[in-house]
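One-letter residues, chain by chain:
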Amino acid sequence: MLRDTWTEATRNLRVVPRSPDLMIFALVQPVMFVLLFVYVFGGSIEIPGFATYQQYLLPGIFAQTVLFGSGFTGAGVAEDMQKGLIERLRSLPMSQSAVLIGRTVSDLVRNTVTFAVMLLVGFFVGFRFEGSIPAAVAASALLLGFGYAFSWIMALIGLSVSSVETVNSAGFVWMFPITFVSSTFVDPSTFPTPLRWFADINPFTAATNASRALYNGYSPGRDLLLSIGWAIGISVVFGYLANRRFARANRT
Amino acid sequence: METIGLAKRFKDVEALRGLDLVIAEATVLGVLGPNGAGKTTAVRILTTLLRPDGGRAFVDGIDVVAEPHRVRARIGLTGQDAAVDERLTGRENLDYVGRLHHLGPRMSRQRAGELLDQFDLADAGDRVVKGYSGGMRRRLDIAMSLVARPSVLFLDEPTTGLDPRSRLAMWDLIADLVAEGTTTLLTTQNLEEADRLADRIAVINRGSVIAEGGPDELKQRMGGSRIEIEVRDPADADGAVEALWPLCAEGCRVRRQGRVVTLPVTDGAQLVPEVVRAMDAAGIAIDDVAMRRPTLDDVFLNLTGHRADEAQDQAPEPARP
């Protein structure tokens, strides 16, 4: 199974450098968000406990970047479905779960590269690791793990809709609310009650808060355990659902 | 390879009702039928993609339901869409499938090279598939299903959607494969294709076999070819019918429709000059004379009493998600 996963992951990674435009577009959006929020809104946003808005904003942007990056999983799976490649794979004597695991692992690698670039952008606009280096590494790993978990949700969506365009729109329908109604850009304590309630239970808030605390040298408290729990929970549940769906794809 | 009483139901459509098929080793079985006859459903059951509701299916004596994994190691599948990764090169696609067959890196590379040569893709092998023509994609697709030297090759409508030239090239290619002794199940809607490539033909309609036999045997039973002449002056048509009667075998009827007069024949080609001579002798001017081979429509008309496209409405092939 490991060998098949490796074969699948390398197939997906091999083509990344061949379509640099995809990688660039994956970066344009978060970079634009950084510039907009830091320079347009930044001047009028002050958040207690953070020396600059950058210290607050950038962890949120990182989290949003890895979440949007998981959209590649859905698009990739849908494309393979559309092209009939999944049918071929299902008729091969390979480990069937390797197809989706290979896909999510390669998207994790791709997400890591995007994330590294965003870190550099962050440094460029004045974001700093205020805590220890290990804490910053832990924060980054937490966010990437969170993105990996969401890859499984996208894989399930990709298998269900089987058209790249639909995956993209279906992804944005829930990705925008989940990133905006959270602590990504501003402190949710100013939200109206229903939104604040949503932001509080939003797993995205927990992940952003935990990594933000780690980057800034604070204790992440219960947010750390909560976000790790979310990431594992989502991976397990959606990993199971996606693999079951894969095994039954077209089987009706 | 063998199926016994295979049955499959999709919601309110019975796609297969007791389908029996057998292929002898190193031969080609042509499964001929209109859209919705159950061809693809049968292929998908045999290639472990779909579970039958009833009946059994074996590849190399292995039950496809009980041991799908062992069956997968022995089959090659080329479906209706070219299942290739467009972003990879032809060589990478082949190498990739070889690795998934666990041939190992060296063997996979070697096999990729061989297949590129065999399928006339050596020059294009290192180009990304996105730039391939439809015919090239289809060739690569078939090459990909041969990577692990399968004991049964499934070709599901391999020439559907190809232009006439690519179709002819594909026929030559399949004929070569067949000559090498690849046991093949070929589905098609095209009678000529089945005739050219298959050793035996099973005509299926609404999920079961309605006729089976060698191509010649079947053509006889289906009503063979016919010669059609088009007379210049419609008034001559009756005279033409009269003049052609002597050429008609026993039990056959010459028909006319407007300016077109049709003579059913069993061994057509030799009769064409005689037909022309007969017209000449009767002093009838003709605009056109042609041999027409039976089409799938004729076959169905003969076997079932209704046209192929009527069957389509009653048993649509399930849409593939």
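Conventions we followed
Residues numbered from 1 in each chain as written. Chains lettered and ligands numbered in written order. Predicted model: local features only at pLDDT ≥ 70, side-chain atom pairs only at ≥ 80, totals over all residues. Heavy atoms only, no water. Helix = DSSP H or I, 4+ residues; strand = E, 2+ residues; numbered from the N terminus. Lys, Arg positive; Asp, Glu negative; His and termini not counted. Charge placed at Lys NZ, Arg CZ, Asp CG, Glu CD. 1 Å grid on protein atoms, 1.4 Å probe; cavity = no way out; pocket = protein on both sides within 12 Å on 5 of 7 lines; lining within 4 Å. Points joined across faces, edges and corners; volume = space filled by probe spheres on them. Nonpolar A, V, L, I, M, F, W, Y, C, P; charged D, E, K, R; others polar. Domains from an automatic or database assignment. Buried < 20%, exposed > 50% of the residue type's maximum accessible area, 1.4 Å probe, protein only. Contact = heavy atoms within 4.5 Å. Patch = residues over 30% accessible without salt bridge, like charges linked within 9 Å, V, L, I, M, F, W, Y side chains within 5 Å. Areas by Shrake-Rupley, 256 points an atom, 1.4 Å probe, with all protein chains shown as cover. Salt bridge = Lys/Arg side-chain N within 4 Å of Asp/Glu carboxyl O. Axes fitted to C-alpha atoms, helices over the stretch in contact; angles between N-to-C directions. Parallel < 35°, antiparallel > 145°, perpendicular 65-115°, else oblique. Pairing = 2+ DSSP bridges. Buried area = accessible area lost by both parts, 1.4 Å probe. Polar contact = N/O pair within 3.5 Å; in protein donor to acceptor, adjacent residues only side chain to side chain. Phe/Tyr/Trp six-rings, centres within 6.5 Å; stacked < 30°, edge-to-face > 60°. Lys NZ or Arg CZ within 6 Å of the ring centre and 35° of its normal. Left-handed = near helix turned anticlockwise from the far one by under 90°.

Topic: the overall build of chain B
Now for step 1: The helix and strand tally for chain B stands at 12 helices and 14 strands.
Now for step 2: With respect to the three principal axes, the spread of C-alpha positions in chain B is 75 × 45 × 35 Å.
Now for step 3: Side-chain charges of chain B comprise 41 positive and 51 negative groups, with the mean position of each set lying 6 Å from the other.

Structural notes on empty space enclosed by the protein
All names here are of chain B.
Now for step 1: Here the structure, examined in full by the defined rule, presents four cavities of 30 Å³ or more.
Now for step 2: Of all elements in the fold, only β6 (75-78) and α5 (134-145) reach the threshold of two or more residues within the lining of the largest cavity.
Now for step 3: Residue contributions to the lining of the largest cavity peak at three residues, all from β6.
Now for step 4: Grouping the constituent residues of the lining of the largest cavity by class yields five nonpolar, four polar and one charged.

Brief notes about the domain arrangement of chain B
Now for step 1: When its domains are assigned, chain B resolves into domain 1 (2-220) and domain 2 (225-292).
Now for step 2: Between the C-alpha centres of domain 1 of chain B and domain 2 of chain B the distance comes to 41 Å.

Brief notes about the environment of B:T47
Now for step 1: Assignment of secondary structure puts B:T47 in the loop between α1 (39-46) and β4 (54-59).
Now for step 2: Here B:T47 falls in the buried class, since its relative accessible area comes to 0%.
Now for step 3: Between the C-alpha atom of B:T47 and that of B:I75, which follows or precedes it by 28 residues, the distance is 7.1 Å.
Now for step 4: Those residues in contact with B:T47, other than ones at most four positions away along the chain, are A:S91, B:I75, B:L77 and B:F154.

Some thoughts on a nonpolar patch on the surface
Now for step 1: Nonpolar side chains collect at one region of the surface, where A:I24, A:F25, A:V28, A:M32, A:L36, A:V40 and A:F41 lie side by side and expose about 670 Å² of accessible area between them.
Now for step 2: When you line up the elements, A:I24 lands in helix α2 (residues 20-41).

Some words on the packing of helix α3 (residues 53-69) of chain A against helix α4 (residues 71-83) of chain A
All names here are of chain A.
Now for step 1: Look at α3 against α4: their axes get within 4 Å of each other, and the N-to-C directions meet at 5°. The angle between α3 and α4 falls in the class roughly parallel. Residues L67, F68 and G69 of α3 form the contact with α4, whose participating residues are G71, F72 and T73.
Now for step 2: Here the residues of the contact of α3 with α4 sort into three nonpolar, three polar and no charged.

Concerning the sheet that holds β6(B)
All names here are of chain B.
Now for step 1: An order of β6-β7-β8-β3-β9-β10 is seen for the six strands of this open sheet, with the pairing classed as mixed. At either end of the open sheet lies a strand with only one pairing partner, and these are β6 and β10 (208-213). If you compare each strand with its neighbour and ignore which way they point, the axes differ by 15° on average.
Now for step 2: Relative to strand β8 (residues 183-188), strand β7 (residues 152-156) runs parallel, the two sharing five bridges. Its bridge partner being in β8, V152 is matched across the sheet by T183.
Now for step 3: Where α1 meets the sheet, it contacts β3 (28-32), β6, β7, β8 and β9 (200-205), and its direction lies at approximately 150° from that of β8.

Re α1(B)
Residues and elements named next belong to chain B.
Now for step 1: Counting buried positions along α1 gives eight out of eight residues, so the element sits mostly inside the fold.
Now for step 2: K39, T40, T41, A42, V43, R44, I45 and L46 are the residues of α1 that are buried.
Now for step 3: Where α1 ends, the next residue or the one after it, T48, has phi of about 70°, a positive value.

A short note on the interface of chain B and chain A
Quoted interface sizes are often the accessible area lost when the parts come together.
Now for step 1: Counting residues at the interface gives 36 residues for chain B and 26 residues for chain A.
Now for step 2: For the pair chain B and chain A, the two sides together bury roughly 3000 Å², of which 50% comes from carbon and sulfur.
Now for step 3: Sorting the residues of chain B by area buried against chain A places B:R87, B:Y96 and B:L100 first, and these three jointly supply 23% of that buried surface.
Now for step 4: Our count for the contact surface shared by chain B and chain A stands at six salt bridges.
Now for step 5: For B:E86, the salt bridge identified is with A:K83, shortest N-O distance 3.5 Å.
Now for step 6: On the surface where chain B and chain A come into contact, there are 14 residue pairs in polar contact (both at pLDDT 80 or more).
Now for step 7: Contributions of two or more residues to the side of chain B that touches chain A are made by β1 (2-10), α2 (68-72), β6, α3 (90-100) and α5 of chain B.
Now for step 8: With five residues, the single largest contributor to the side of chain B that touches chain A is α3(B).
Now for step 9: Along the lines of polarity and charge, the residues of the side of chain B that touches chain A split into 16 nonpolar, eight polar and 12 charged.

What to know about the packing of aromatic side chains
Residue and element names in this part refer to chain A.
Now for step 1: Tallied over the full model, the rule gives 23 aromatic pairs over all chains.
Now for step 2: A centroid spacing of 6.3 Å and a plane angle of 85° characterise the contact between Y148 and W152, whose relative ring orientation is edge-to-face. Placement of both Y148 and W152 in helix α7 (residues 133-161) is noted, with a separation of four residues, approximately one turn of the helix. Each member of the pair, Y148 together with W152, is buried.
Now for step 3: One aromatic cluster is present, formed by F33, F37, F41, F68, F176, F180 and F185 through successive ring pairs.
Now for step 4: Over the aromatic face of F72 sits the side chain of R110, whose NZ or CZ is 4.1 Å from the ring centroid.
Now for step 5: For the cation-ring pair, R212 lies above Y56, with the distance from its terminal atom to the ring centre recorded as 3.5 Å.

Here we look at the packing of α3(A) against helix α8 (residues 164-180) of chain A
Residue and element names in this part refer to chain A.
Now for step 1: With their axes 11 Å apart at the nearest point, α3 and α8 run at an angle of 165° to one another. Regarding the angle of α3 to α8, the classification is roughly antiparallel. Classified by chirality, the crossing of α8 by α3 is right-handed. Contacts between α3 and α8 pair Q64, L67 and F68 from the former with F172, W174, M175, F176, I178, T179 and F180 from the latter.
Now for step 2: Of the residues that constitute the contact of α3 with α8, the class distribution is eight nonpolar, two polar and no charged.

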